[in-house]
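Survey of secondary and tertiary structure
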Amino acid sequence: VAPTPRVAPVADAAALVAEQAASAAEKGDWGPVFVYGSLTLPQSWDALLGRMPEMRVAKLRGFARQRVRFGGFAALVEKPGGLVLGQLICGLRP
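The notes below deal with the structure included here.

So, on to the overall build of the chain. Looking only at helices and strands, the chain features two helices and three strands. Walking the chain from its N terminus toward its C terminus, one meets helices and strands in the order α-β-α-β-β. The buried share of the chain, taken over its 94 residues, is 18%. Contacts in the chain between residues at least 24 apart in sequence constitute 60% of all its contacts with a sequence separation of at least 6. In the form shown here, the chain has an accessible surface area of approximately 7500 Å², with 59% of it arising from carbon and sulfur atoms.

And the structure:
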């Protein structure tokens, strides 16, 4: 009986995105980061970085904001049909 031939793994879209993200991280770029709430305000970025990063309006589907009890802020939780509006931040570096 002949051995089963080895087949190279097929890189699906998620694997390609992960590879691109890892490559960008090695170069010092954290890639796009989704933010919501107070991190969409220019004052927050000025306080954190002293500059305004590149920002684009973004939607995160399948999640909803939920108030954190006794926290004074909101967290994201998975919710079918949910939608959170925020910003996509690019050009962040460690």
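Before going further, it helps to examine the environment of Glu78. Tracing the backbone shows Glu78 in strand 3 (residues 74-90). A relative accessible area of 68% means that Glu78 is categorised as exposed. Each C-alpha atom, one on Glu78 and one on Gln66, is 9.9 Å from the other, the two residues being twelve residues apart in sequence. Among all residues touching Glu78, those that are not within four sequence positions of it are Gly62 and Phe63.

Reading guide: rules and limits
- Residues numbered from 1 in each chain as written.
- Predicted model: local features only at pLDDT ≥ 70, side-chain atom pairs only at ≥ 80, totals over all residues.
- Heavy atoms only, no water.
- Helix = DSSP H or I, 4+ residues; strand = E, 2+ residues; numbered from the N terminus.
- Buried < 20%, exposed > 50% of the residue type's maximum accessible area, 1.4 Å probe, protein only.
- Contact = heavy atoms within 4.5 Å.
- Areas by Shrake-Rupley, 256 points an atom, 1.4 Å probe, with all protein chains shown as cover.

This is a description of form; function is not addressed.
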